[in-house]
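Survey of secondary and tertiary structure
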Amino acid sequence: MPRLSPLAIKRIDAIPVALPLIKPMTLARRQITRSVNLLVRIEVRNGTVGWGEAVAMPTPVGENLRSMLRAMSSRIVPYLAGKDAREHAKLTETLARNVVLSRAALSATDMALLDLVGQAHGLPLNELLGGHLRD
């Protein structure tokens, strides 16, 4: 089996976006008219890019954009910089042990790492994760 070259993480961007909802919704007695999201873009040295996304849910789970961005800048970006994205499981497991870390930020980062590894190997995500469970 050929040795695969590392997917060294070169850049991580945390991009906040607010998307208007077509129809307002009520969550925990609060009307929501827009979805506040965090996009995570991870680029490796060979130019491959992976994307992830998470929504801020301040009412039921306490996640807000500020906590997500703080987790990205203080914990996630410094930890992942220069690491091999192919070590996805080890990287996300280490980050997940940090109890003060925003779970939404971690989720978006996990998604971006998986997208990146799948793209680097030319595999759709379902194949990267083991294939179809059913037809």
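The sections below set out a description of the structure shown in this document. Just so it is clear, the model here is predicted, and its values are computed rather than measured. (Residues numbered from 1 in each chain as written. Predicted model: local features only at pLDDT ≥ 70, side-chain atom pairs only at ≥ 80, totals over all residues. Heavy atoms only, no water.)

Some thoughts on the overall build of the chain
Of regular secondary structure, the chain possesses 5 helices and 3 strands. Its helices and strands in sequence order give the chain the pattern β-β-β-α-α-α-α-α, from N to C terminus. Projecting the C-alpha coordinates of the chain onto the three principal axes gives extents of approximately 55 × 40 × 25 Å. Of the contacts formed within the chain by residues at least 6 apart in sequence, a portion of 60% connects residues at least 24 apart. When the accessible surface of the chain is split by element, carbon and sulfur atoms take 55% of a total near 8500 Å². Computed over 18 positive and 11 negative side-chain charges, the inter-centroid distance for the chain is 9 Å. (Helix = DSSP H or I, 4+ residues; strand = E, 2+ residues; numbered from the N terminus. Contact = heavy atoms within 4.5 Å. Areas by Shrake-Rupley, 256 points an atom, 1.4 Å probe, with all protein chains shown as cover. Lys, Arg positive; Asp, Glu negative; His and termini not counted. Charge placed at Lys NZ, Arg CZ, Asp CG, Glu CD.)

Thoughts on the environment of Met72
Tracing the chain through its elements places Met72 in helix H2 (residues 65-80). A sequence separation of 51 residues divides Met72 from Leu21, and the C-alpha atoms of the two residues are 26 Å apart. Residues contacting Met72, with those up to four places away along its chain left out, are Ile12, Ala14, Leu38, Val40, Val77, Pro78, Ala105 and Thr109.

What about the pattern of salt bridges?
Taken as a whole, this structure holds 7 salt bridges when the rule is applied. Between Lys10 and Glu43 there is a salt bridge, and its shortest N-O distance comes to 3.3 Å. Separated by 33 residues along the polypeptide, Lys10 in strand S1 (residues 9-27) and Glu43 in strand S2 (residues 30-44) bring together distant segments of the chain. A salt bridge links Asp84 to Arg86; the shortest N-O distance between them is 3.0 Å. With relative accessibility at 12%, the residue Asp84 sits in the buried group. A single salt-bridge network, built from bridges that share partners, covers Lys10, Arg11, Asp13, Arg41 and Glu43. (Salt bridge = Lys/Arg side-chain N within 4 Å of Asp/Glu carboxyl O. Buried < 20%, exposed > 50% of the residue type's maximum accessible area, 1.4 Å probe, protein only.)

Some points on helix H3 (residues 88-96)
The set of residues buried in H3 consists of His88, Leu91, Thr92 and Leu95. Within H3, the buried residues cover an arc of 90 degrees as seen down the axis, which keeps them to one side. Of the surrounding elements, those touching the buried residues of H3 are H2 and helix H4 (103-120). (Arc of directions from axis to C-beta.)

Some points on the nonpolar core
In terms of nonpolar packing, the biggest core is built from 26 residues, with Ile9, Val40, Ile42, Leu80 and Ala85 touching the most fellow members. Mapped onto this core, the elements with two or more residues apiece are S1, S2, H2, H3 and H4. Top element by residues in this core is H4. It accounts for 8 residues. Among residues more than four places away in sequence, those in contact with Ile42 are Ile9, Arg11, Ile12, Thr48, Val49, Gly50, Thr109, Ala112, Leu113 and Leu116. (Core = buried A, V, L, I, M, F, W, Y, C linked by side-chain atoms within 4.5 Å.)

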